Protein chains: 2
Amino acid sequence: MNGDKLRSVSEKTINRLSLYRRLLENRFGKGHEHVFSHELAELACVTPAQVRRDLMCVDNSGSTSRGYSVQELVREITAVLDAPGGQRIALVGVGNLGRAILSYFSGRRPGIAITAAFDSDPSLAGRVINGCRCHPMSELSEVLRGSEIGAAIVAVPASAAQDIADRLVAAGVRGILNFAPVPLKVPEGVFLEHRDMTMSLETVAFFARRSLGDAE
Amino acid sequence: MNGDKLRSVSEKTINRLSLYRRLLENRFGKGHEHVFSHELAELACVTPAQVRRDLMCVDNSGSTSRGYSVQELVREITAVLDAPGGQRIALVGVGNLGRAILSYFSGRRPGIAITAAFDSDPSLAGRVINGCRCHPMSELSEVLRGSEIGAAIVAVPASAAQDIADRLVAAGVRGILNFAPVPLKVPEGVFLEHRDMTMSLETVAFFARRSLGDAE
């Protein structure tokens, strides 16, 4: 980690650094050696001032005449976001959503790998899906304790989610990405992000309908 | 819609109403006729004052001695969130993530149905997946214009996402739930929610690592 500046960095800044890095890799990969904050801002749908504030925490000073070096910026964001040897993640719940998550992240980011999956369906035990081995749910604590896994994705039904979260935290997990349709309680010091797909879709449906109503 | 109170309702309030309704249905379904704001707040991981503020826009006064009627509250939230005859949604992109989304939402909410899917893979055309018919991408405008679909889910690769969003908006869609790993630009009046899974996972991984570093 990059010292004191990162101690107080916000979730939203980390969100945007993740986005900036992908935009830099995909949009400026070839033939672009430098990028101005307003160019990156345009792609990321934020203001140039926001880009400059966010990049202050990656130690890149940039240059007013030429902008930021794309390669340097990607390297510096990577130094903030990624663990030096890569980060291992667990997945709990290998149903439709869990499998889509395994497939989606397979090889997507060099710094992140889902290296262990768990499911209560005994027929999945021992199978390897998208390069990730599935374990019985009963082995969760044992597998995690012997690993370097510090973060996990929860993709189980609502009724099982809190129990799984408690077991993950007890096994040393300090970050949970929750796709189960229920809020989870975790102790202080454990980072929790809830991605409730039903909530997202109902909200989009509501505002679409209101907008259509307004237009009539 | 419920008149003036809903004109200025925030995205976060709609998010929470969606959550409250599911908690009421699942946790208070049987044997619970009434619920106090502090009970709902505890499950939703918000403050009781927040619950009371949110519920002010559903016309439910509640009672200080008995709390809210569960059945009445569910009915009133439904009157806010759901279209009277149900709401039809399109899905663009029937890859792994798109299929997981179809499976996840199949029968999950009575007020919402994904009724048309689109993909550039010609072998999917005409297939019915989880009750939803797949169409060729070339028929997107035609199918949407003849439908009552006002909202859509985008689950295509980053490179295709903006073009798809433009076509959806041109065909009358006013709400987009974007799972593509790139920000989209839409005209004013179109509601856009971006669910960037890479961003979510990189953020969880970052804070998990920081928390583990802090603990050492």
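Not measured: the values here are computed from a predicted model. (Residues numbered from 1 in each chain as written. Chains lettered and ligands numbered in written order. Predicted model: local features only at pLDDT ≥ 70, side-chain atom pairs only at ≥ 80, totals over all residues. Heavy atoms only, no water.)

**Let's talk about the sheet that holds strand β8 (residues 175-178) of chain A**
Residues and elements named next belong to chain A.
1) Next: Sheet architecture is open: seven strands sit in the order β5-β6-β4-β3-β7-β8-β9, paired in mixed fashion. The strands lining the two open edges of the sheet, one partner per strand, are β5 (128-129) and β9 (191-194).
2) Next: Where strand β3 (residues 87-92) meets strand β4 (residues 112-119), six bridges bridge the pair, whose relative direction is parallel. Bridged to Q87 within β4 is I112.
3) Next: Helix-sheet contacts for helix α8 (residues 158-170) involve β3, β7 (151-154) and β8, and the interaxial angle to β7 is about 170°. (Pairing = 2+ DSSP bridges. Helix = DSSP H or I, 4+ residues; strand = E, 2+ residues; numbered from the N terminus. Contact = heavy atoms within 4.5 Å. Axes fitted to C-alpha atoms, helices over the stretch in contact; angles between N-to-C directions.)

**Quick look at the sheet that holds strand β8 (residues 175-178) of chain B**
Residue and element names in this part refer to chain B.
1) Next: Within the open sheet, the seven strands sit side by side as β5-β6-β4-β3-β7-β8-β9. Their pairing is mixed. Of all strands in the sheet, those with a lone pairing partner are β5 (128-129) and β9 (191-194), marking the two edges.
2) Next: Pairing of strand β7 (residues 151-154) with β8, which is carried by four bridges, proceeds in the parallel orientation. Its bridge partner lying in β8, I153 is registered against L177.

**Remarks on the domain arrangement of chain A**
Size of an interface, as often reported, equals the accessible area lost when the parts are brought together.
1) Next: As far as domains go, chain A holds domain 1 (3-79) and domain 2 (87-199).
2) Next: When each unit is reduced to the centre of its C-alpha atoms, the spacing between domain 1 of chain A and domain 2 of chain A is 30 Å. (Domains from an automatic or database assignment.)

**Let's talk about empty space enclosed by the protein**
1) Next: Scanning the model with the defined rule gives one cavity of 30 Å³ or more in all.
2) Next: Of the pockets and cavities examined, the largest cavity occupies roughly 40 Å³.
3) Next: Lining the largest cavity are R21, L81, D82, A83, Q87, G111 and I112 of chain A together with E202 and A205 of chain B. (1 Å grid on protein atoms, 1.4 Å probe; cavity = no way out; pocket = protein on both sides within 12 Å on 5 of 7 lines; lining within 4 Å. Points joined across faces, edges and corners; volume = space filled by probe spheres on them.)

**Topic: the side chain of N178 of chain B**
All names here are of chain B.
1) Next: Mapped onto the fold, N178 is located in strand β8.
2) Next: Among the residues examined, N178 registers a relative accessible area of 1% and is labelled buried.
3) Next: Engagement of the side chain of N178 in a polar contact is seen with the backbone nitrogen of A180, the distance being 2.8 Å.
4) Next: Residue contacts for N178: discarding those within four places in its chain leaves V154, L184, L192, E193, H194 and R195. (Buried < 20%, exposed > 50% of the residue type's maximum accessible area, 1.4 Å probe, protein only. Polar contact = N/O pair within 3.5 Å; in protein donor to acceptor, adjacent residues only side chain to side chain.)

**A short note on the environment of C45 of chain A**
1) Next: Within the element layout of this structure, C45 of chain A appears in the loop between α3 (37-44) and α4 (48-55).
2) Next: The sequence separation of C45 of chain A and L19 of chain A amounts to 26 residues, and the corresponding C-alpha distance is 11 Å.
3) Next: Ignoring anything within four residues of it in the chain, the contact list for C45 of chain A reads P183, L184 and K185 of chain B.

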